[in-house]
Amino acid sequence: MTIQIKPSGCALGAEVIGADLCTPLSEPDFAAIREAFYTHEVLFFRGQELTDEDHIRFSARFGTLRQLKLTNVLHAHHPQIMVISNIKKDGQYIGAYDAGVFWHTDGAYLKSPHAISALRALIVPQVDGRVLGDTKFVSVSKAYDALPAAIKQRLEGLQALHSIMFRLKQTLDSGIKKDYGAAVKADLEAVHPVVRVHPVNERKCLYVTEGYTEKILGLPGDESRDLIKELTAHCIKPEFQYRHNWRQHDLVMWDDCATQHQATFDYPAETPRLMHRTTVVSQAAAA
Ligand code: SIN
C-alpha cells in the first residue's frame, strides 16, 4: 500500500490517500499515518466502507479505547462506539443528537480526557444534492503559538475547571440533560492546566473551551469569565480552522488535546444524519 498525506491547506487537517482501513495496516503504513496524525492534528480518510469491527480495530491501534459512561448513546452491540444521530426509534433518539453544539474538546470534564476521537459517517444529511452538517475544527496548538508573549506569560500555571453540567446548563433540552446527568454522576468535572503540554509531541495547547470551561481557578468571577471569552474567541479564529464537508464512508480522526471542534446544525431535523465515534483514552507509544 502506498500512503499519501495531502494537507488540507488550512491550519490543520490532512487527507490520507491510499489506505484501506478494512484490512489491518502494515507497521510502516500505520507508522506513516500516526506521524501524520500528530503533525496535522486532524486526518480524514474518504471512501472507507468499514464495519464497526474495522472502525474499532483501526482506532485501537492508537491506544486504549474508552467505553463512555453515557450509556444512552452507546451502540447496542459495540459499547466502544458512541452513536451520534438525529434519528429516532420508538420516539427516542438512537444516539446523542446535540453532540458538538458548542466548540469543545471531547471529555474535557474527565480527569483523563479523551486523547483521540474517530468519527465515521454512515448517513450524511443532503439537501438539494448538497451535504450539510459539516464539522469545524481548530488547532489550539497554533492558537497558542499565535498568542502575544505577555498573554502566554499570564497563562503560565493557570488551571481551569471543566464541567459537563456547565455544558448541559447551556442546552435547553431538559430530556437529554436529565439522562446525561444521571449517567455520569461520578465524572462531572475536572481541573486541567489552561495550557496543556501535549502528551505525545509536547506542543503547548490552549485548553479552554466554550462548551466545558466553567472558570479559571484563583481569578475573580468577572476576570475568569472575561479571560475564558477572550481565549475561546481567539481559538476559533478562521485562521486556525479546517471545515470538514462530510461524504458517506468518511472517517475523520482528531487530536483532542491539540484541537477543538463544533458540529454545524444547518440541516432540517427530519433529514437523517448517523455517525459512529470511537474514543482513544491513552495513546500507544510509537512502535
Ligand atoms: C462531536 O462533537 O463529537 C460530534 C461532531 C459531529 O457530529 O459533527
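Here the structure is shown first, and the text comes after it.
Below, the structure is looked at part by part. (Residues numbered from 1 in each chain as written. Predicted model: local features only at pLDDT ≥ 70, side-chain atom pairs only at ≥ 80, totals over all residues. Heavy atoms only, no water.)

### Looking at helix α7 (residues 221-235)
The end-to-end C-alpha distance of α7 is 21 Å, a good match for the 21 Å that 15 residues give at a rise of 1.5 Å each. Of the residues making up α7, those classed as buried are Ser224, Leu227, Ile228, Leu231, Thr232, His234 and Cys235. Seen end-on, α7 carries its buried residues on one side only, within an arc spanning 155°. Those residues of α7 that are exposed and angled more than 90 degrees off the buried face are Asp222, Arg225, Asp226 and Lys229. Buried residues belonging to α7 abut β11 (135-139), α3 (140-145), α4 (149-155), β15 (204-206), β16 (213-216) and β19 (259-263). (Helix = DSSP H or I, 4+ residues; strand = E, 2+ residues; numbered from the N terminus. Expected span 1.5 Å × (residues − 1). Buried < 20%, exposed > 50% of the residue type's maximum accessible area, 1.4 Å probe, protein only. Arc of directions from axis to C-beta. Contact = heavy atoms within 4.5 Å.)

### Description of the environment of arginine 167
Examined against the element boundaries, arginine 167 turns out to sit in helix α5 (residues 164-170). C-alpha of arginine 167 to C-alpha of phenylalanine 102: the two residues are 65 residues apart in sequence and 8.3 Å apart in space. Excluding its chain neighbours within four sequence positions, the residues that come into contact with arginine 167 are Asp98, Ala99, Phe102, Gly211 and Tyr212.

### Some details on the pattern of salt bridges
Inspection of every chain in the model, using the stated rule, returns nine salt bridges. Between arginine 61 and glutamate 27 there is a salt bridge, with its nearest N and O atoms 3.5 Å apart. Placement of the pair is arginine 61 in the loop between α2 (52-60) and β4 (63-65) and glutamate 27 in helix α1 (residues 27-40), with a sequence separation of 34 residues. By relative accessible area, which is 24% here, arginine 61 ends up partly exposed. When the shortest N-O distance is used, the salt bridge between arginine 243 and aspartate 134 registers 2.7 Å. Of the two residues, arginine 243 is situated in strand β17 (residues 241-244) and aspartate 134 in the loop between β10 (130-131) and β11; the sequence distance between them amounts to 109 residues. Overall, the relative accessible area of 43% leaves arginine 243 in the partly exposed class. (Salt bridge = Lys/Arg side-chain N within 4 Å of Asp/Glu carboxyl O.)

### So, the packing of aromatic side chains
Across all of its chains, the model carries eleven aromatic pairs by this definition. The aromatic ring of phenylalanine 30 is capped on one face by arginine 61, whose charged end is 4.5 Å from the ring centroid. (Phe/Tyr/Trp six-rings, centres within 6.5 Å; stacked < 30°, edge-to-face > 60°. Lys NZ or Arg CZ within 6 Å of the ring centre and 35° of its normal.)

### Things to note about the pairing of strand β13 (residues 189-193)
Covered by surrounding structure in β13 are Ala190 and His192 only, the residues Glu189, Val191 and Pro193 on the alternate face being uncovered. In terms of strand pairing, strand β12 (residues 159-163) meets β13 through five bridges, oriented antiparallel. The residue of β13 that forms the bridge with serine 163 is glutamate 189. (Pairing = 2+ DSSP bridges.)

### Comments concerning the site of the ligand
As a structural note, the neighbourhood of the ligand is formed by Ile84, Ala99, Gly100, His104, Asp106, Leu119, Thr135, Trp254, His261, Ala263, Arg273 and Arg277. A distance of 2.8 Å is found between an oxygen atom of the ligand and a side-chain nitrogen or oxygen belonging to arginine 273. Arginine 277 places a polar side-chain atom, nitrogen or oxygen, 3.0 Å from an oxygen atom of the ligand. Here the ligand has 260 Å² of accessible area as a free molecule, and 100% of this is covered by the chains. Taken together, the residues of the shell around the ligand sort by class into five nonpolar, four polar and three charged. (Near = heavy atom within 4 Å. Polar contact = N/O pair within 3.5 Å; in protein donor to acceptor, adjacent residues only side chain to side chain. Areas by Shrake-Rupley, 256 points an atom, 1.4 Å probe, with all protein chains shown as cover. Nonpolar A, V, L, I, M, F, W, Y, C, P; charged D, E, K, R; others polar.)

### Quick look at the side chain of histidine 114
Residue position: histidine 114 is located in the loop between β7 (92-93) and β8 (116-123). A relative accessible area of 3% means that histidine 114 is categorised as buried. A polar contact of 2.9 Å, which involves the side chain of histidine 114, links it to the side chain of arginine 66. Not counting the four nearest positions on each side in its chain, histidine 114 is found in contact with Arg66, Leu68, Asp106, Gly107, Asp256, Arg277, Thr279 and Val280.

No statement about biological role is implied by the geometric values presented.
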